[in-house]
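What the coordinates show
Each chain, letter by letter, is given below.
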Amino acid sequence: MSDEKCSYGYVEFGEFRVERPGIKKVGTFAGVFCPVVLSMFSALVFIRMGYLVGNAGLLVTLAQFAVAYLIVLFTVTSICAISTNGAVEGGGVYFMLSRTLGPEFGGAIGTLFFFANVVSSALCISACTEALVENFGTNGYLVGESGGIPDSWWYRFLYRSVLNAVGLGVSLAGASLFARTSLAIWVTMLVCLASAFLSFFITSPAQIEKPDSNHLINTTYLNYTGLSVSTLASNMYPQYGRDYTTASGQLVDFASVLGVLFTGVTGVMAGANMSGELKHPSRSIPRGTLAALLFTAASYAALSLLTAATCSRELLQNNYVYLLPINVWPPFIAVGMIVATFSAALSNLIGASRVLEALAKDDIFGFLLRPMVSRSGNPVLAVVVSWALVQVGVAADSLNAIAQVNSVLFMTSYFAINLACLGLELASAPNFRPTFRQFSWATSLAGLCGSAALMFSLRALYAAGGALAAAGLVLALHLLSPAAAEPKWGSLSQALIFHQVRKYLLLLDPRREHVKFWRPQMLLLVASPRQSAPLIDFVNDQKKGGLFVLGHVRVGRLDGAGDPLAEEHQYWLKLIDHLKVKAFVELCLAESVRSGAAHLARLSGLGAMKPDTVMLGFWDDAQPRDFFREPESPYRTELFDAGGGAFPARRAGAARLPPAEYVRILSDVLCVNKNVCICRHFHLLDMAAVERKSPRLKYIDVWLVDLLAPSREEAFSVRGLFALQLAAVVRSARGWQHLQLRVHTTRHEASLTVGSGDSPAPDGPPLQQRLEELLKLLRINATTHIISDWPKLDLSRWSDTDEDLYQRVPATYLKTVNSIVRERCEQGTAVTFVQLSAPPREADELCEQYLQVLDEFTKDLSPTILVRGLKSVTSTSL
């Protein structure tokens, strides 16, 4: 039998649940039912029922219980669904949320849930102290006027500290010890509760003395009427009074009553918190929790009804422990108060420590919580830290004040649980197959909305604080948490994103594309990112919210030994994170670079989101640079140096791609009707200087002149407008907007002789006026420059398809146009866009000559992009 686990999507599911040797597990009744009942009763059943009925009245109290239990029931169905969908380990609710929502959301809500357990433990200890003082303090019910323990704020703090220390001792002894004693505790509390119910029928009407701690009224005795229709009628509706346990006698309202009442249903997660100590958590949590919910609901309803029918409103508002003096034997209630509250405090303390240990095991907060992990099964340090935080909480003076914070924190957890279950249902994940089927997206949505509404209706300020804390934790964990950097389990957000992206991709119909809504969709072919980091960074700015795909071709073939690109793909994903670019990665294994590039150009993307422009570096013999190792490089990193180094760089003098293969890649791209951009000198681009608005970088230049066919009409062609659009998109990107766009063209008509000078202007508006009107129509802010000294090229003997075209271009012509463009670049140009002439189609020697022409033309320029556009991408209409 193996204890190895395998991952099934968003939860870790083990075929076998392997128990650690020496650690005993408990069953449904002792491990879930009893802890849930004890935690739910806690401070409410014996100490605060009078507060509820006396202020809100029977009808409102029952209505509040109904709403609270409805929300809790919906939440429990979500808990049951998640807990029966795989193996549940230690950490309870946190474990479920983290394996469903991912480390960021799960860690944030788990942290709030930890603090909810801490606050709840402090609440129960304060209630236990109140029970001790009311029974054994000065004029206490069990000691009378004969004395008893002293009572003051400091003494109460001392009693709380002692109780908390006892809880620490029991917790250090082990949670299984508490789980096994919970059965005895539950039986004790059941006897005490039964005595309370019997007393309503047995005890005769009497005058009940107000507690010594009540200084709000002068009356000494209050009426207990016994079962009476008139008493029931008088307690039916709300009549809010003042809370005598607060120093100023704070006025009670609907929200404060609901906040206290909700503490009676927050213990529903006590069983889930014990998941690490259960034999079969996936089976025990649903059964035990639902049974406990039914038992406590019936008890609360019966107790509320009998209280309203037997006690006057004055008694309920001014003596919250009224059950004790009316009991047939008051020590029953005293024992019930102490046992119920202390056991609930202990349950929450243990639950908090288990959540904290689970956070530490998952490395959510890195080194901060690493010492909390225990190898013995009992997280000693986590228990001590939880105890210390509870000790801070017990300093609060008012039990009811703690209850408000406690309720908001638990409702935040309920909200997250319902959100997780709703997301799983809506994502339609195939592996979400819980054996508990009594739930649906409607129950999760109802629990989600109910939790949110109730949380903000209770205390909007507390709720807003809880929401901000959760959002802040999610953001902080996303940026800083080691678990978020390398998640070990799935995230619901990814499943939902996949579901929505698939749906919207199907709606994105390529037949309905329109030029008005065109945006750049780039495929950048990269040989080695070590040499291309500035270019990758630049294209990320150029995409303008469009598609950016990084493509790479490895020459080889499948050998049957696995995917040869799998390991390399992980490095490319790390590269995207390192460069902080928004790009996809496409790797191709092909028998040649040309074949692989053709596959990428044709098949990259999905649906209507496919690249329409292919970009690649220039074919030259420039000295390669390693931007990942250069000391002054902004892209410096050691991420890719381990294991011999990823992305091997081309060494100086190493074999390059043959010229013919490179040029045919260009032809292949144009053949499938995609635009082509060749990028050169981008190793000189200083992106940091651009972003800090360096005064030496002033312009983005566009040359609307075809090198081999200079014409005044080039500026108005599809090719020219494509280059102009790309330049305008770059200038609109953040960090580039301070640069000025300059558009250059020539006056030439198709010249018949080699020489220089202006051709006679044809009829119509001047060229510069036409160009400025075009820019105005396109809403592009740029200056226009007509280059009058651009040399002429005799094209009378050749056409674009003639093989001799490239070898007959005079060297003097290329040097002259290069000097013209270079002179402009030296004025402070960041990037230059020029026109790319059509590549040759056949002979290998022509490919080399073609590249020599481009090399001479772009030599010593600023970072340059040679553009050949095939598609119309500009629009002047609405």
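Refer to the preceding data block for the structure.
To start, this report covers the structure provided alongside it. (Residues numbered from 1 in each chain as written. Predicted model: local features only at pLDDT ≥ 70, side-chain atom pairs only at ≥ 80, totals over all residues. Heavy atoms only, no water.)

Moving on, we get to helix α9 (residues 254–262). Across the 9 residues that make up α9, a large majority, 8, are buried. Of the positions making up α9, those classed as buried are Ala 255, Ser 256, Val 257, Leu 258, Gly 259, Val 260, Leu 261 and Phe 262. (Buried < 20%, exposed > 50% of the residue type's maximum accessible area, 1.4 Å probe, protein only. Helix = DSSP H or I, 4+ residues; strand = E, 2+ residues; numbered from the N terminus.)

Turning to the sheet that holds strand β6 (residues 547–555), a few remarks are in order. Read across the sheet, 10 strands follow the order β7-β6-β5-β8-β9-β14-β13-β10-β11-β12 without closing on themselves; strand pairing throughout is mixed. A single partner strand is all that each edge strand has here, and the edge strands are β7 (584–590) and β12 (783–787). Put simply, the sheet's adjacent strands are angled 20 degrees from each other on average, direction ignored. Relative to strand β8 (residues 613–617), strand β5 (residues 521–525) runs parallel, the two sharing 4 bridges. Among the inter-strand pairings, Leu 523 is bridged to a residue of β8, identified as Val 614. Sheet contacts for helix α24 (residues 659–671): β8, β9 (675–680) and β14 (864–868); angle to β9, the most-contacted strand, approximately 145 degrees. Contacts from helix α27 (residues 767–777) reach β11 (740–746) and β12 within the one sheet, and its direction differs from that of β12 by about 150 degrees. (Pairing = 2+ DSSP bridges. Axes fitted to C-alpha atoms, helices over the stretch in contact; angles between N-to-C directions. Contact = heavy atoms within 4.5 Å.)

Before going further, it helps to spend a moment on the pairing of β14. By the criterion of burial, β14 is predominantly enclosed, with 5 of the 5 residues buried. In β14, alternate side chains face the same way, and those of Thr 864, Leu 866 and Arg 868 on one face and Ile 865 and Val 867 on the other are all buried. Where β9 and β14 come together, 5 bridges link them in antiparallel fashion. Among the inter-strand pairings, Arg 680 is bridged to a residue of β14, identified as Thr 864.

Attention shifts here to unusual backbone geometry. If you check the backbone angles, Asp 363 has positive phi at about 60 degrees while not being a glycine. By the element assignment, Asp 363 lies in the loop between α14 (331–361) and α15 (380–393). The phi torsion at Asp 860 lies on the positive side, around 60 degrees, for a residue other than glycine. Within the secondary structure, Asp 860 is located in the loop between α29 (844–858) and β14.

By the element assignment, Lys 543 lies in the loop between α21 (529–542) and β6. Although Lys 543 is buried, it makes no salt bridge; Asp 541 carries the closest opposite charge, 6.3 Å away. (Lys, Arg positive; Asp, Glu negative; His and termini not counted. Salt bridge = Lys/Arg side-chain N within 4 Å of Asp/Glu carboxyl O.)

Below, the discussion takes up the side chain of Lys 674. With respect to the secondary-structure elements, Lys 674 resides in the loop between α24 and β9. Nearest to the buried, unbridged Lys 674 among oppositely charged side chains is Asp 612, at 7.1 Å. Engagement of the side chain of Lys 674 in a polar contact is seen with the backbone oxygen of Pro 611, the distance being 2.6 Å. In contact with Lys 674, other than residues within four places in its own chain, are Ala 601, Pro 611, Asp 612, Val 614, Val 669 and Leu 870. (Polar contact = N/O pair within 3.5 Å; in protein donor to acceptor, adjacent residues only side chain to side chain.)

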